[in-house]
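Now for the letters of each chain:
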There are 2 protein chains.
Amino acid sequence: MYFKINRNFFIEEINKCSRIIDYKILSPILTGVFIEVTTDKISLISTNTVVSIKSEVFLGEHDLVISETGSVLIKAKYFLEILRRMDDEIISVSKVEDNVVSLAGDKSEFVLNVLDDVEYPIIAFREKGSSIMVDTQELKKSLNQTIISVNEYNQKIVLSGLNFSVENETFYVTGTDGYRVSRKKIFLPYSVEEKFEANIPYKSVLEITKILSEKNETKINIQDNFICFKVNNTFIQSTLLEGQFPNVSMVFPTDFNTTIYTENRKIVKLISRADIPSEETTSTVVNLILNGESIFVKSNIQQIGSFEEEFKDFEIRGLDEQNIYFNSKFILESLKSFETKTIEINLIDAKKPIVISSNEDQSLSQIILPMFSN
Amino acid sequence: MYFKINRNFFIEEINKCSRIIDYKILSPILTGVFIEVTTDKISLISTNTVVSIKSEVFLGEHDLVISETGSVLIKAKYFLEILRRMDDEIISVSKVEDNVVSLAGDKSEFVLNVLDDVEYPIIAFREKGSSIMVDTQELKKSLNQTIISVNEYNQKIVLSGLNFSVENETFYVTGTDGYRVSRKKIFLPYSVEEKFEANIPYKSVLEITKILSEKNETKINIQDNFICFKVNNTFIQSTLLEGQFPNVSMVFPTDFNTTIYTENRKIVKLISRADIPSEETTSTVVNLILNGESIFVKSNIQQIGSFEEEFKDFEIRGLDEQNIYFNSKFILESLKSFETKTIEINLIDAKKPIVISSNEDQSLSQIILPMFSN
């Protein structure tokens, strides 16, 4: 095995693969990044058994020159650290004997031990089955906006991840923990006829989000209980969660008694203040009292103290009296998921779900159950 | 107690005091920041028993208005968090009842529990005794350049901190762990007649360095086994280490067989490469072989691999053959402590101390003992 490649690009690609590695995994070979060199390309592969990544570089791209095919299983952490300390623009990687690799620049040479790659698993990255194409930036944003409602440790396994589903021309991304629902709608420029539904584990969503930093479109494939994302030269694949995701459309209220219109930035700051910092809890019960032209926001944490503020910077449609309690964390995460200037808080009464939406971005809805007053 | 103050300034001052707090300390009152309001100023005080800080604000500075004197012991972490979430330029702090304080802005109010301040210790900040004045930025730089040679856990207590000493017009800052010595000379514009010697604990040096971010001069006072730094409105005081600091001047060699002149940036990068990353050790034994017009740098870590590089980018005075082993961490920290473009590495032979210096900054010397070859 012998190839030359652009050092900075090689660092990026190894880094991409190494991010998903779980160093606490029992099998030592899975702590490596597998590099396979064929006549026309090199592939870098890594897996933590749930998520797997493959990155391909073709001859001529990024100064890649291949002199001899073969494969090697590198200890990515050390390789990365060493590559970063080198100065050369182009470096060479060659196998000098079994499980020993030379990493060389113009004047310096590292001779490094590598892992035994004989038993490295063959990972099939799914490119067939149902597929859709989505703008990469929009997909990334959608995952970030909906993952907030997912509890990674939800006892109901199917809720411990995000749900993808396509109906005709609409791609829905949905997350719920039973107390709140985040739902994003992406319109596709075509109608999808095949069934397309998948529940993606929480941790996989985080890994996928990190990879979706690039431009262009992402191709999403579902096959054999795997979902595979392809963006540019990189494949990232995850196993799926089993189970039937609940039909959350049914919990969406449509008729509201009160809609509060305000600036998102201002209401976020207000609720942040009501979210009294404390050692014991990560959220505070916040009481919102709408009374004519004022909203009074109150909160109290026994050990720390209490908060009260009068807020007048809003407009209203409907009933101007409400008295409702909610979880500060839920409402703050929902509000912050909107990148819009204005926001609407839709209320029915103290016991019905609150819906947060914005006229500026109708693709996103956040629903939160209120808390009962004490 | 009732006063108004500029919110951002108040955040800065509480933050300064809260940084030294040790939350693992047994006494709960020492986890607070003590605020004392007298007719003409407020003082913020904190201590971790080794290091203590006092920051004073006088009437009229930073929008300070005092309506009622008194004192309060705040839980700094929560206070800071809450102050940061407020919007107001000026806020008011008032005692509403025993151990309850109101923190209010224009429209919002926090009513917060505070700690019982009755037993808060009276801390005397030393302003008399032997003293010198030093430029604050130069002092900060000196501490950073010399602390590298100090081992916080040195069994010889006097070596577990930095030594300050003044002889006539020279202020020396010295650190040593027995394997290396860092020494900085600062020339004072006057001669100090009184004895001035102090050994400052490692952790105190770190805290002091953080406070020395401001401009102007720092006044250093030594009295009753305490050292007190005063910079602008802030006092920071530390207890001292007991014991006689060794006379390190004696280990400084003066006659060298070989001096290597090179660019600091280049030699740092070279030694960084030789410092092969590894799980087990934080430093590598590096072998430097000077042979005529080349320096060969070699290193080897059993589990990871080996490194070799030929380096030609230097000039030399004296003997052009040397073969010496050293600890990568020691030499890297020494080289990096110089802010100069060029560097000199002075050698006698494989068993005598290496001295690193620079013509561009003669105030600093770094001495390192070589390692014996295996």
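No experiment lies behind these values; they were computed from the predicted model shown. (Residues numbered from 1 in each chain as written. Chains lettered and ligands numbered in written order. Predicted model: local features only at pLDDT ≥ 70, side-chain atom pairs only at ≥ 80, totals over all residues. Heavy atoms only, no water.)

*Asks:* Is there a simple way to explain the overall build of chain A in this structure?
*Replies:* Helix and strand counts for chain A stand at six helices and 25 strands. By its C-alpha atoms, chain A is 80 × 50 × 35 Å across when sized along the principal axes. Across the 374 residues that make up chain A, the buried fraction comes to 55%. Long-range pairs, those at least 24 residues apart, make up 66% of the contacts in chain A between residues at least 6 apart in sequence. Here chain A has roughly 17,300 Å² of accessible surface; of this, 47% comes from carbon and sulfur atoms. One finds the centroid of the 40 positive side-chain charges in chain A at a distance of 2 Å from the centroid of its 54 negative side-chain charges. (Helix = DSSP H or I, 4+ residues; strand = E, 2+ residues; numbered from the N terminus. Buried < 20%, exposed > 50% of the residue type's maximum accessible area, 1.4 Å probe, protein only. Contact = heavy atoms within 4.5 Å. Areas by Shrake-Rupley, 256 points an atom, 1.4 Å probe, with all protein chains shown as cover. Lys, Arg positive; Asp, Glu negative; His and termini not counted. Charge placed at Lys NZ, Arg CZ, Asp CG, Glu CD.)

*Asks:* Can you help me understand the domain arrangement of chain A in this one?
*Replies:* Often, the extent of an interface is quoted as the loss of accessible area upon association of its parts. Residues and elements named next belong to chain A. You can read the domains of chain A as domain 1 (2-113), domain 2 (130-250) and domain 3 (252-368). The gap between the C-alpha centroids of domain 1 and domain 2 is 30 Å. Counting from both sides, the interface comprises 13 residues of domain 1 and, opposite them, 13 residues of domain 2. A buried area of about 1,100 Å², summed over both sides, lies between domain 1 and domain 2, and 51% of it is on carbon and sulfur atoms. (Domains from an automatic or database assignment. Buried area = accessible area lost by both parts, 1.4 Å probe.)

*Asks:* Sorry, what's going on with the interface of chain A and chain B here?
*Replies:* Taken together, the 32 residues of chain A in the interface contact 32 residues of chain B. Of all residues in chain A, Tyr78, Arg85 and Arg273 of chain A give up the largest surface area on contact with chain B, accounting jointly for 23% of the area buried on that side. Inspection of the region where chain A meets chain B yields five salt bridges. Summed over the shared surface of chain A and chain B, the result is 24 residue pairs in polar contact (both at pLDDT 80 or more). Secondary-structure elements contributing two or more residues to the side of chain A that touches chain B are helix H2 (76-85), strand E9 (108-113), helix H5 (264-274) and strand E20 (305-311) of chain A. The residue makeup of the side of chain A that touches chain B, split by class, is ten nonpolar, eight polar and 14 charged. As judged from the five bridges shared by E9 of chain A and strand E20 (residues 305-311) of chain B, these two strands associate in the antiparallel manner. Bridge assignment links Leu112 of chain A to a residue of E20 of chain B, and that residue is Gly305 of chain B. (Salt bridge = Lys/Arg side-chain N within 4 Å of Asp/Glu carboxyl O. Polar contact = N/O pair within 3.5 Å; in protein donor to acceptor, adjacent residues only side chain to side chain. Nonpolar A, V, L, I, M, F, W, Y, C, P; charged D, E, K, R; others polar. Pairing = 2+ DSSP bridges.)

*Asks:* Sorry if this is basic, but what is going on with the layout of surface pockets here?
*Replies:* In this approach a probe as big as a water molecule rolls over the atoms, and the regions it shows empty are the leftover space. Residue and element names in this part refer to chain A. Approximately 400 Å³ is the volume attributed to the largest pocket. Along the wall of the largest pocket there are 18 residues; nearest its centre are Lys185, Phe252, Val355, Gln362 and Ser365. When grouped by side-chain class, the residues that make up the lining of the largest pocket number six nonpolar, eight polar and four charged. Two domains each put at least three residues into the lining of the largest pocket: domain 2 (130-250) and domain 3 (252-368). (1 Å grid on protein atoms, 1.4 Å probe; cavity = no way out; pocket = protein on both sides within 12 Å on 5 of 7 lines; lining within 4 Å. Points joined across faces, edges and corners; volume = space filled by probe spheres on them.)

*Asks:* Help me understand the UniProt feature "domain: DNA polymerase III beta sliding clamp N-terminal" (unreviewed entry) in chain A, please; the structure alone is not making it clear to me.
*Replies:* According to UniProt, the positions carrying the feature "domain: DNA polymerase III beta sliding clamp N-terminal" (unreviewed entry) are residues 1-123 of chain A. For residues 1-123 of chain A, the end-to-end C-alpha separation is 21 Å, with 18% helix and 43% strand making up the annotated structure. (UniProt positions renumbered as here; feature names shortened; annotations may be inferred.)

*Asks:* Can you help me understand the relation of the copies chain A and chain B in this one?
*Replies:* Think of it as a corkscrew move, a rotation about one axis and a shift along it, taking one chain copy to the other. With an axial shift of 0.0 Å and an RMSD of 0.0 Å, the rotation relating chain A to chain B amounts to 180°. Those values place the two copies in the arrangement expected of a two-fold rotation axis. By C-alpha distance to the rotation axis, the residue of chain A lying nearest is Lys24 of chain A, at 15 Å. Interface overlap between copies is the fraction of interface residues in one copy that are interface residues in the other; for chain A against chain B it reaches 100%, indicating a shared surface. (Least-squares fit on C-alpha atoms with pLDDT ≥ 70 in both.)

*Asks:* Even after reading the chapter, I still don't get unusual backbone geometry, so can you show me in this structure?
*Replies:* Most of the time, phi is negative for any residue but glycine, and the peptide bond is trans. Residues and elements named next belong to chain A. The phi torsion at His62 lies on the positive side, around 50°, for a residue other than glycine. Counting through the fold element by element, His62 comes out in the loop between strand E4 (51-58) and strand E5 (65-68). Despite not being glycine, Asp224 has its phi angle at roughly 50°, a positive value.

*Asks:* Just to check I follow, could you spell out the sheet that holds strand E17 (residues 258-263) of chain B for this structure?
*Replies:* Two orientations exist for strands paired in a sheet by backbone hydrogen bonds: parallel and antiparallel. Residues and elements named next belong to chain B. The eight strands are arranged E13-E11-E12-E25-E24-E23-E17-E21 in an open sheet whose pairing can be described as antiparallel. Edge positions in the sheet fall to strand E13 (197-201) and strand E21 (314-318), since each has one partner strand and no second. Between one strand and the next, the sheet's axes are offset by a mean angle of 20°, whatever the strand orientation. Across eight bridges, the pairing between strand E11 (residues 161-176) and strand E12 (residues 180-192) is antiparallel. In the sheet register, Asn168 faces E12, and the bridge partner there is Val192. (Axes fitted to C-alpha atoms, helices over the stretch in contact; angles between N-to-C directions.)

*Asks:* Just to check I follow, could you spell out the packing of helix H3 (residues 136-146) of chain B against helix H4 (residues 202-211) of chain B for this structure?
*Replies:* Two packed helices can be described by the angle between their axes and the distance between those axes. All names here are of chain B. Between H3 and H4, whose axes approach to 10 Å, the crossing angle comes to 145°. Between H3 and H4 lies a crossing whose hand is left-handed. Listed contacts from H4 to Lys140, Leu143 and Asn144 of H3 are Val205, Ile208 and Thr209. Residues belonging to the contact of H3 with H4 are distributed by class as follows: three nonpolar, two polar and one charged. (Left-handed = near helix turned anticlockwise from the far one by under 90°.)

*Asks:* Mind showing me how you'd approach a negative patch on the surface here?
*Replies:* A grouping of Glu97, Asp98, Asp116 and Glu119 of chain A is seen on the molecular surface, where their side chains present a negatively charged patch. You can see Asp116 of chain A is positioned in the loop between E9 and strand E10 (130-135). (Patch = residues over 30% accessible without salt bridge, like charges linked within 9 Å, V, L, I, M, F, W, Y side chains within 5 Å.)

*Asks:* I'm lost on H3 of chain B in this one. Help?
*Replies:* Residues that lie three or four places apart on an α-helix share one face, since the helix turns once every 3.6 residues. If you check which residues of H3 of chain B are buried, you get Thr136, Leu139, Ser142, Leu143, Gln145 and Thr146 of chain B. Residue Asp135 of chain B occupies the N-cap position of H3 of chain B, its side-chain oxygen lying 3.2 Å from the main-chain nitrogen of Gln137 of chain B.

*Asks:* Just to check I follow, could you spell out the packing of aromatic side chains for this structure?
*Replies:* Geometrically, a pair of aromatic rings is defined through the distance of the ring centres and the angle of the planes. All names here are of chain A. For the coordinates displayed, the defined rule picks out 16 aromatic pairs over all chains. Relative to Phe235, the ring of Phe125 has its centre 6.0 Å away and its plane inclined at 50°; by these criteria the two rings are tilted. Here the residue Phe125 occupies a position in the loop between E9 and E10, and Phe235 occupies one in strand E16 (residues 234-239), the gap between them amounting to 110 residues. Residue classification places Phe125 among the buried positions, given a relative accessible area of 12%. Judged by relative accessible area, Phe235 falls into the buried class, the value being 2%. Taken together, the ring pairs in this structure connect Phe164, Phe171 and Phe229 into an aromatic cluster. Against the face of Phe235 rests Lys54, its NZ or CZ located 5.0 Å from the ring centre. (Phe/Tyr/Trp six-rings, centres within 6.5 Å; stacked < 30°, edge-to-face > 60°. Lys NZ or Arg CZ within 6 Å of the ring centre and 35° of its normal.)

*Asks:* Which parts of the structure should I look at to understand the UniProt feature "domain: DNA polymerase III beta sliding clamp C-terminal" (unreviewed entry) in chain A?
*Replies:* The sites that carry the UniProt feature "domain: DNA polymerase III beta sliding clamp C-terminal" (unreviewed entry) are, in the present numbering, residues 251-371 of chain A. Taken end to end, residues 251-371 of chain A is 17% helix and 45% strand, and its first and last C-alpha atoms sit 16 Å apart.

*Asks:* In this structure, what is going on with the sheet that holds strand E6 (residues 70-74) of chain A? I would like to understand it.
*Replies:* Residue and element names in this part refer to chain A. One open sheet accounts for eight strands, arranged E6-E2-E3-E4-E16-E15-E14-E10; its pairing is antiparallel. Where the open sheet ends on each side, the last strands, each with one partner, are E6 and E10. Within the sheet, the average angular offset between the axes of one strand and its neighbour, ignoring direction, is 15°. As paired elements, strand E2 (residues 33-37) and E6 share five bridges and run antiparallel to each other. Paired with Val37 across the bridge in E6 is Gly70. Running at roughly 95° to E10, helix H3 (residues 136-147) makes contact with E10, strand E14 (217-223) and strand E15 (226-231) of the sheet. Contacts between helix H4 (residues 202-211) and the sheet are confined to E4, E15 and E16, with E16 contributing the most and set at about 170° to the helix.

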